[in-house]
Amino acid sequence: KTLGALPGIQGPFFATKMAALRSAVGSSGARRPGRPLLIVAATLAFLFAISKPARAFLPGPSAAPRSAPAAAATSGLSTELGAVAPRSVVAEVVTPGAVPSRPSSEHPGGLARASGLSVLAALPLLKVVKAAIGGVQGGARGSLTVRANSARGEDVQREVTTVVLPVLAAFFGWIAVMYAIQHSLFVVPFLGAGDELYFPIIATFVAGYGLIVLEEQTEISKAASALVLGVMIWVLVGTGLNLSPSEFDKDIKETLEDVSEVVFFLLGALTIVEIMDAHKGFDIITKAISATKKRDLLVVLGFLTFALSSVLNNLTVVIVMVSLVQKLVTDVDFRMKLGGVIVVASNAGGAWTPIGDITTTMLYIGGQVTTAPLLANLVLPSILCVIGCLGYEYIQMDGEATFERPAASKEEEETPNGQALVFWGGLAGMITVPVFTAYTQCPAWSGMMLVLGLLGVITSLLHGPENNKYSLKGALTRVEVPDCLFFLGVLFAVGGLERVGLLKAFAVQLSSVVPYDSLVAILLGFASAVVDNVPLVAATQGMYDLTAHPANDPLWNLITYCSATGGSLLVIGSAAGVAFMGLEKNVSFGWYTANVAPGALAGYFLGVAGILAQQSLGFSFQ
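Counting starts from 1 at the beginning of each chain's written sequence and moves along it residue by residue. Owing to the predicted nature of the model, reporting of local features is limited to residues with pLDDT of at least 70; listing and counting of side-chain atom pairs is limited to 80 or more, with chain, interface and lining totals taken over all residues. Side-chain calculation: all heavy atoms of the structure are included, whereas hydrogens and water are not.

This part is about the overall build of the protein chain. Here a helix means four or more residues in a row that DSSP labels H or I, a strand means two or more in a row labelled E, and each is numbered from the N terminus. Summing up its helical and strand segments, the protein chain has 26 helices and 0 strands in all. Once local pairs closer than 6 in sequence are excluded, the contacts in the protein chain between residues at least 24 apart make up 78%. Computed with the Shrake-Rupley method and a 1.4 Å probe, the accessible areas treat only the protein chains shown as cover for residues. Of the roughly 31,100 Å² of accessible surface on the protein chain, a fraction of 65% belongs to carbon and sulfur atoms. Note on contacts: a residue pair qualifies if any of its non-hydrogen atoms lie within 4.5 Å across the two residues.

In structure tokens form, the structure reads like this:
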């Protein structure tokens with residue numbers, strides 16, 4: 001009623017607006033959440049903005065002061081309406097063409113009072129508008145969140161019903177079928193008498209290993225697959241074979257003891273390397289590289305990688321050296337070529353020392369090789385492998401071609417406290433683990449744990465135990481625990497096959513097909529380029545008895561070399577190659593096969609020739 005009486009607002013216009021408001025609210029009076037309040041507030045503000053009283057707060061003529069009645073009318077209307085004033089500013093009235101002046105006390109007091117009252121009256125309306133807008137925005141956010149959560153829930157539900165449940169059903173179905181075969185609940189035509197006991201064990205191992213090989217395609221962690229495989233092999237051994245509880249308990253405990261030694265040794269070595277890397281110990285070596293020609297850098301990096309991987313884990317060496325190359329070389333093609341050579345050199349460097357490669361460590365801990373004869377028998381073939389690869393790549397390069405280094409960074413990182421002490425101490429400790437084992441008769445893993453403990457004490461004194469970046473606790477959080485679990489599962493499964501005599505039976509069959517053990521070892525190298533060399537080496541440990549082939553036998557030397565270096569033939573054949581492919585995004589299976597495999601193959605055969613020549617000339621040490 002009051003708004004209709006205002007000057008400047010026509011009756012039909014006001015009626016139209018009120019009809020729109022009633023339409024928005026609804027005939028029943030039920031409001032839609034938040035929006036009617038916003039419409040009411042916006043309409044009131046719009047009506048007041050176009051009214052004549054509202055224009056009283058705009059600049060007006062200063063030369064012609066308003067009359068007292070006009071001021072009083074303005075004051076009265078403003079007080080009655082409680083209208084919104086955007087700013088609490090009293091401006092003098094300016095007419096067109098007049099020069100505005102600053103507000104002063106010469107303005108009529110009624111106008112100032114009207115402006116102040118209108119501001120006070122606007123506060124409730126501002127609160128209503130703010131609440132309405134907040135309600136709309138909150139409702140929108142809430143509805144979006146609900147929709148997003150609903151979509152995620154539907155995706156999860158779809159994954160559960162279409163992927164997870166079928167996989168679990170297949171897993172338990174497989175167990176049921178294997179159990180039924182073992183207990184002759186139904187007959188399999190192609191199995192002979194007694195084969196039903198061992199067929200489920202072999203079939204489960206092949207299926208589980210297939211999942212490990214196809215990790216990228218199935219998107220199932222190979223560590224998880226290995227753990228399930230290792231336990232299921234022993235489940236089938238315990239439920240299917242006629243073993244007494246005491247026999248089964250003895251076999252599984254002895255297998256777990258052997259496997260645990262490898263896992264603890266590997267865990268200690270990886271943690272030591274993490275501590276050294278956190279202290280930037282490798283910078284001591286890499287900063288000394290000053291080559292400018294491509295050929296020179298190729299040779300330096302090849303032999304440097306070979307030397308480092310002989311005493312350190314080759315996976316870590318590849319990560320460090322490829323990262324170094326990325327800081328040294330800007331040419332992507334040349335950088336990728338160097339990375340391939342680093343993979344070959346790291347695998348060759350780990351073949352001739354007990355701590356350089358996981359497969360060599362497995363054979364060392366298993367008693368198939370010992371420290372001094374291993375070094376003497378395989379150092380020359382391993383060097384020949386690197387020379388063969390480097391020589392092939394060397395002749396492919398222009399002798400005068402140089403490489404461009406990236407621009408040096410403006411800010412160099414600070415050198416951590418105790419960099420040299422931690423690096424050289426850790427390196428010396430890892431190198432002397434075999435010496436510690438020989439003189440104390442303690443297992444190799446205990447020597448590695450001793451070095452790790454001493455490094456933990458040193459870093460605690462240097463940085464304090466609460467510093468997670470440099471301390472033992474922080475290094476343990478960065479270690480690749482899934483790798484350790486993978487080795488645990490695979491070795492546990494292979495141990496089960498060995499305990500029931502399946503690997504020895506396989507060795508007999510393989511020997512009947514391939515009469516030369518040396519040829520079997522060479523073929524093992526090619527097989528390790530396709531599948532993981534850990535289970536292959538574990539299988540050979542069960543295939544060949546130490547009574548027929550004692551420690552440091554020529555066969556074990558050839559197996560050690562071929563299993564370590566054969567993985568370089570394909571990028572997926574070793575953990576070092578997979579790490580390289582992850583660090584250099586442009587590297588693919590096809591690129592590696594075309595650009596790195598020829599040099600790797602040349603080095604592989606040159607090393608095999610060196611081993612066979614040593615054995616024929618009687619230079620093998622036992």
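A cluster of nonpolar side chains, Val156, Val160, Val163, Val164, Leu165, Val167, Leu168, Phe171, Phe172 and Val228, forms an exposed patch at the surface whose accessible area comes to about 800 Å². In terms of residues, the nonpolar patch owes the most to one element, helix H4 (residues 109-182), which gives 9 residues. Within the secondary structure, leucine 168 sits in helix H4. We classify leucine 168 as partly exposed; its relative accessible area is 41%. Each patch is built from residues lacking any salt bridge and having more than 30% relative accessible area; the joining distance is 9 Å for like charges and 5 Å for nonpolar side chains (Val, Leu, Ile, Met, Phe, Trp, Tyr). One side-chain nitrogen of Lys or Arg within 4 Å of one carboxyl oxygen of Asp or Glu is enough to make a salt bridge. The buried label applies to any residue whose accessible area, calculated with a 1.4 Å probe on protein chains only, is under 20% of its type's maximum; exposed applies above 50%, and partly exposed to all values in between.

Mapped onto the secondary structure, lysine 337 falls in helix H12 (residues 332-349). Given the relative accessible area of 17%, lysine 337 is considered buried. The residues contacting lysine 337, other than those within four sequence positions of it, are Glu393, Met397, Trp591 and Asn595.

Counted by the stated rule, this structure contains 8 salt bridges. One salt bridge in this structure joins arginine 478 and glutamate 274, with 3.5 Å as the shortest N-O distance. In this pair, arginine 478 is assigned in helix H18 (residues 472-478) and glutamate 274 in helix H8 (residues 245-278), connecting sequence segments 204 residues apart. Glutamate 274 gets classed as partly exposed once you look at its relative accessible area, which sits at 23%. Lysine 337 serves as the salt-bridge partner of glutamate 393, at 3.4 Å between the closest nitrogen and oxygen. Residue glutamate 393 is located in helix H14 (residues 371-394), and its partner lysine 337 is located in helix H12; the two are separated by 56 residues in the primary sequence. For the pair glutamate 393 and lysine 337, a shared accessibility class is recorded, and that class is buried. Through salt bridges that share partners, Glu254, Asp258 and Arg499 make up one connected network.

For the rest of this paragraph, the subject is the environment of phenylalanine 492. Secondary-structure assignment places phenylalanine 492 in helix H19 (residues 481-499). Residues phenylalanine 492 and tryptophan 234 lie 258 residues apart in sequence; the distance between their C-alpha atoms is 8.5 Å. When sequence neighbours within four positions are dropped, the list of residues in contact with phenylalanine 492 reads Gly230, Val231, Trp234, Ile252, Thr255, Leu256 and Val259.

Packing of helix H22 (residues 533-543) against helix H23 (residues 554-565) leaves a shortest axis separation of 11 Å and a crossing angle of 170°. Considering the angle they form, H22 stands roughly antiparallel to H23. Each of Asn533, Val537, Thr540 and Gln541 in H22 lies in contact with H23, whose residues at this interface are Trp556, Ile559 and Ser563. Under this grouping Gly is polar, as are all residues other than the nonpolar Ala, Val, Leu, Ile, Met, Phe, Trp, Tyr, Cys and Pro and the charged Asp, Glu, Lys and Arg. For the contact of H22 with H23, a count of residues per class yields 3 nonpolar, 4 polar and no charged. Note on geometry: axes are lines fitted to C-alpha atoms, helical ones only across the stretch in contact, with angles between N-to-C directions running from 0 to 180 degrees. Under this scheme an angle from 65 to 115 degrees is roughly perpendicular, one under 35 degrees roughly parallel, and one over 145 degrees roughly antiparallel; angles in between are oblique.

Moving on: the nonpolar core. By nonpolar core we mean a set of buried residues, namely Ala, Val, Leu, Ile, Met, Phe, Trp, Tyr and Cys, connected to one another through side-chain atoms within 4.5 Å. Counting 128 residues, the largest nonpolar core has Leu297 and Leu312 as its most contacted members. Sort the elements by how many residues they give to this core and H8 lands first, with 11 residues. Those residues in contact with leucine 297, other than ones at most four positions away along the chain, are Ile289, Ala291, Leu328, Val329, Phe334, Leu338 and Phe403.

The aromatic pairing rule takes the rings of Phe, Tyr and Trp, using the six-membered ring of Trp, and pairs them if the centres are within 6.5 Å, calling planes under 30 degrees apart stacked, those over 60 edge-to-face and the rest tilted. Inspection of every chain in the model, using the stated rule, returns 14 aromatic pairs. Both rings, one in phenylalanine 190 and one in phenylalanine 199, keep their centres 5.7 Å apart while their planes meet at 75°; by these two values the pair is edge-to-face. Take phenylalanine 190: its relative accessible area is 61%, and that puts it in the exposed class. Ring centres of tyrosine 544 and tryptophan 556 lie 6.4 Å apart, and the angle between their planes is 85°; on these two criteria the pair is classed as edge-to-face. Of this pair, tyrosine 544 sits in the loop between H22 and H23 while tryptophan 556 sits in helix H23, and the two are 12 residues apart along the sequence. Like tyrosine 544, the residue tryptophan 556 is buried in the burial classification. In this structure an aromatic cluster arises from ring pairing among Phe526, Tyr561, Tyr604 and Phe605. Over the aromatic face of phenylalanine 486 sits the side chain of lysine 222, whose NZ or CZ is 4.4 Å from the ring centroid. Only when the NZ atom of a Lys or the CZ atom of an Arg is both within 6 Å of the ring centre and within 35 degrees of the ring normal do we say a charge sits over the ring.

The analysis is restricted to geometry; functional conclusions fall outside its scope.
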